[in-house]
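# Survey of secondary and tertiary structure
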Amino acid sequence: MNMAQTQALRARTLTGLLPETDPLSIRQALANAHPGVSSLCRYDQESLWELDTRSLPKPLAQWRRQARDFAEERLRPLAREMDQARPAGTPMPAELRALLTDAGRAGWLTDLLPRPFGTLPLTSTPWPLTWMQCLKVEEFASACGGLMLLLCAHGLGMAPIVLSGDVNAIRRFVLPAYRQNRRGQPHLFAYAITEPGGGSDAEEGHGARQYRPGVVARKVAGGWRLNGRKCFISGGDIADTLSVFAALEGEGMESWTCFVVRSDMSGFSPVRNELKMGMKASSATELEFDDVFVPNHHVVGGLRRGWTLNRVTLNYSRLPVGAMGLGFARRALEETIRQSHELRTGNQRLLDQQPVQMGIARIMASLRSARGLVWQGAQRFAPRQSEAAMAKFHASDVAVSACEQAMELLGPHALSGEGVIGKCFRDARLTQIFEGTNQINQLGVVEDLQSILTDPGQSPLF
Amino acid sequence: MIPIGQDEQLVTDQIRQFARHSLGRYRETPEIEPGADDAGQWIRECLAMGLFDPEAGGLWQDDDPASRRQNVLTLMAISEQSPALALHLHLQALALRVMPAPGTGKQVERLPWLSFGLGPGFPAHQLANWQPGSGARINPAHLSDWWLPATAGSALLCAPDYWERLLVPAMTRKGAQWILIRRADISQIIRDSLQAPACWSAWRPVSIQQAKRRLIAPLSPDGYRNLLGQAWLGQLAIALASVRHAADLACTYADQRRQGGSVIGKHGAVQLLLAELDRAIHLTEPTLEKLCQVPASELWWQAARARGDLHPLLCRGVNAAMQVFGGIGYMRDTGVESLVRINQMLSCLHGTPMTMQQLHQQRRLAA
Ligand SMILES: Cc1cc2nc3c(=O)[nH]c(=O)nc-3n(C[C@H](O)[C@H](O)[C@H](O)COP(=O)(O)OP(=O)(O)OC[C@H]3O[C@@H](n4cnc5c(N)ncnc54)[C@H](O)[C@@H]3O)c2cc1C
């Protein structure tokens, strides 16, 4: 072995581990073993991302790669610059508009429906839509949480219309917006359930039963007049169309109805954008409805069907929130590995230190177990509430804990530099709160399995 | 013994008033983050109060148990309103112990700033293990020159936005020394965001080797360890006070916000979050109290152990406080999210919990 080779080998060998040329190293041992033995144990240096991607059905693998390419090319370079709040009413920065235009042209804003209506590949239709969304969201989140939310909150806004199965509504609201997006003229949707007086109460039945709705629809000739306020609505300041849930006048949450509101309707205004901890490229907006007239044909899925539609939508959207967690955990892990190559304490790379090696292994294991949970839930055409909720709260906890561990391993370096891990933490923290706090999601698991839990005689339970 | 968090006697009215009025004001306007100018003004007020004055028993001027306790309580009183400023004052006061230059007590610009720095050859937490002559954990390649590298590399100074003169430990040809660098003499500094609340940044001195440096004092292992111990003790106190503040906010909110048919404080889920906060505070308070009493020679390792155990708990506690708020906790308005961020920073600045635990174990094994 010449000098250069020796040096390269040394760089590849971590302190405490054998060089790959050592006869006792697993690589050498397997290389020298009988083929029957070596075929029983894998020791290739393929990335685990590749391994997972290749385990997917072909159209999904291709989709995952495309999402990754788009995220790397278009989201990652903008991540740092766009990580700042935008007051309501200010024009969208040119870079964001360009991103939305490109995303629209590339088909990322029209992927709730298969071709020829939308841009989901026809070959992917044997697999659930949620799985496709999870794959996309993980890739986007790993590049930038805020930009991911900017693009994906749009899908959430459109989801109740698509999930309602109301063909007329799809034809009236979704397809024209799809055409605009494909032409490179962004037309965004937003999803509005949360009200200042009711966040968790809009996400779980027990609270909803006792909640007095804040946004109310009054019947008038030809339609409805909406009054009240919604808050924390992602993309609410730039959305052209919003799925707004409101109760009928004089009734409770059981009368919740989904209304499609256009941003140019008189009486509608985005009042303010919140100053958030993270995911700043996407705004969280307070919306005011001041006697907004909404015609009858803007009711989606029928009167008093809103609560069901909301719960069904949440079931579909909580899995992608879990996938966001995967994206953040992955990015924190990748950054930890990158930095622990470069950083040294004393005369050692961080990566040479046992606690760092073990920390990295722990983050990897929790990331992969969370991915298993998310993908398992996403493989059902009709996601179960318990599975969606479990995936959401577990993967979001994993994400936050991965960022915390990364900070612990890297020290203040994790919070500085490109600020990647600090940003991941700030972004990931939101996944423990929205789409129902993790506490509400834990209770959602119990709600779903209520009859099983109250009949423990059944066996096996799980 | 009175738990450390409740003893207000030792904090002067003047400091309490300063904390509540000068600092409390900016909490009311969350859209405006205080910047370097505000920090400068605050430090000026602290100077006027004699916080750095040795005669007036300024911060960290003495290290007997009673003074230590007073320092801790003063830092906590300030931290309840602004942990970033408390950290600021804490490290400036420690710098003055190393370099009690005449006149520094008068002008803000003359106050040195202490940074333990983070360099490839001389990371702060490893210094605690440093034995003269052994050089055991210091990269010999860096012994021959200033440890701050010429390249951006991994050198990182954590300091507030407001600093003019920096006091750093350095390994020189004359051995370990405190050196002073003027900001104006560093031709290129990259300012990094630490993603911590206002006034705090990370600085990467690109060309520090060309900067003019003044040797201030030799650095002895014992003196250095003692200083680290005080730094760590103060850091833990600042974290505790910020978490206590978060707990107050969370309890008040849990008592007001209604969801699920009652105030949220009645829900078991929220009670568990509050319990997480409570646990962190109740385990930290007596430890701090104890740390105020330990002999100077033991402070560094006892503080290291305490930081290793307690910062993660405090981080978890403040995170739980944020969760109590639901969506609004994610916004700047409540002030809790900034406490989450600064606790992350306090936890890993000057040695992470993992490093602290290792340090303590190494010391035990060596003993
Ligand atoms: C950045 C951001 C973006 C968002 N985007 C959207 C959006 O696009 N559209 C939208 O409609 N909403 C959106 N939300 C709202 C989000 O879904 C809610 O914030 C979330 O559901 C929590 O509601 P809340 O904020 O009212 O908290 P609360 O419901 O007030 O909860 C406060 C605390 O009480 C607990 N709690 C509440 N009720 C119960 C109960 N019954 N039992 C036990 N514990 C309980 C919670 O777990 C939490 O810890 C967004 C929020 C944020 C922060």
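Anyway, here's the lowdown on the structure attached to this text.

Conventions used here
Residues numbered from 1 in each chain as written. Chains lettered and ligands numbered in written order. Predicted model: local features only at pLDDT ≥ 70, side-chain atom pairs only at ≥ 80, totals over all residues. Heavy atoms only, no water. Near = heavy atom within 4 Å. Polar contact = N/O pair within 3.5 Å; in protein donor to acceptor, adjacent residues only side chain to side chain. Areas by Shrake-Rupley, 256 points an atom, 1.4 Å probe, with all protein chains shown as cover. Helix = DSSP H or I, 4+ residues; strand = E, 2+ residues; numbered from the N terminus. Buried < 20%, exposed > 50% of the residue type's maximum accessible area, 1.4 Å probe, protein only. Contact = heavy atoms within 4.5 Å. Axes fitted to C-alpha atoms, helices over the stretch in contact; angles between N-to-C directions. Parallel < 35°, antiparallel > 145°, perpendicular 65-115°, else oblique. Nonpolar A, V, L, I, M, F, W, Y, C, P; charged D, E, K, R; others polar. Core = buried A, V, L, I, M, F, W, Y, C linked by side-chain atoms within 4.5 Å. Salt bridge = Lys/Arg side-chain N within 4 Å of Asp/Glu carboxyl O.

## A word on the site of the ligand
Residues in contact with the ligand amount to 34 residues; listed here are only the nearest, T194, S200 and T437 of chain A together with R257 and G327 of chain B. Residues lining the ligand come from chains A and B. Between E203 of chain A and the ligand, the recorded distance is 3.4 Å, taken from a side-chain N or O atom to an oxygen atom. S234 of chain A is positioned with one of its side-chain polar atoms (N or O) 2.8 Å from a nitrogen atom of the ligand. Compared with its free state, where it exposes 970 Å², the ligand has 97% of that area covered by protein. When residues of the shell around the ligand are traced back to their parent elements, those giving at least two are β1 (189-192), β3 (223-234) and α15 (438-448) of chain A together with α7 (268-293) and α8 (296-324) of chain B.

## A short note on the environment of I281 of chain B
Residues and elements named next belong to chain B. If you trace the backbone, I281 turns up in helix α7. Looking at I281, the relative accessible area reads 8%, which means it is buried. Distance from I281 to A241, taken between C-alpha atoms, is 8.8 Å for residues 40 residues apart in sequence. Once residues within four sequence positions are removed from consideration, I281 is found in contact with L240, V243, R244 and A247.

## A look at the packing of helix α8 (residues 145-164) of chain A against helix α9 (residues 167-183) of chain A
Residue and element names in this part refer to chain A. In the contact formed by α8 and α9, the axes pass within 9 Å of each other and the chain directions differ by 150 degrees. Looking at the two axes, α8 sits roughly antiparallel to α9. Of the residues in α9, those in contact with H154, M158, I161 and V162 of α8 are A169, I170, F173, V174, A177, Y178 and N181. Of the residues contributing to the contact of α8 with α9, the split by class is nine nonpolar, two polar and no charged.

## Points about unusual backbone geometry
The omega angle of the peptide bond from R115 of chain A to P116 of chain A is 10 degrees, so this bond is cis rather than trans. Looking at the secondary structure, you find P116 of chain A in the loop between α6 (94-106) and α7 (129-143). Unusually for a residue other than glycine, R304 of chain A sits at a positive phi of about 60 degrees. Looking at the element boundaries, R304 of chain A is found in the loop between β8 (299-300) and α11 (306-342). Despite not being glycine, H350 of chain B has its phi angle at roughly 60 degrees, a positive value.

## Points about the nonpolar core
With 187 residues, the main nonpolar core has F140, L147, M148 and M324 of chain A together with W178 of chain B as its most contacted residues. When residues of this core are assigned to their parent elements, the largest contribution, 18 residues, is made by helix α6 (residues 221-256) of chain B. Among all residues touching L147 of chain A, those that are not within four sequence positions of it are L75, L78, A79, M82, L96, L99 and A281 of chain A. L156, Y178, Y211 and W256 of chain A belong to the second largest nonpolar core, which has 29 residues in total.

## Notes on the pattern of salt bridges
Residue and element names in this part refer to chain A. Here the structure, examined in full by the defined rule, presents 42 salt bridges over all chains. Across the pair R338 and E342 runs a salt bridge whose closest N-O atoms are separated by 3.1 Å. In this pair, R338 and E342 are both assigned in helix α11, four residues apart and thus about one turn of the helix distant. Owing to a relative accessible area of 36%, R338 belongs among the partly exposed residues under this scheme. Judged by its relative accessible area of 53%, E342 falls in the exposed class. Residue E387 is joined to R380 by a salt bridge in which the shortest nitrogen-to-oxygen separation is 2.4 Å. Looking at E387, the relative accessible area reads 17%, which means it is buried. Salt bridges here are not isolated pairs; linked through shared partners, they connect D52, R64, E138, E139, R330, E334, R368 and R371.

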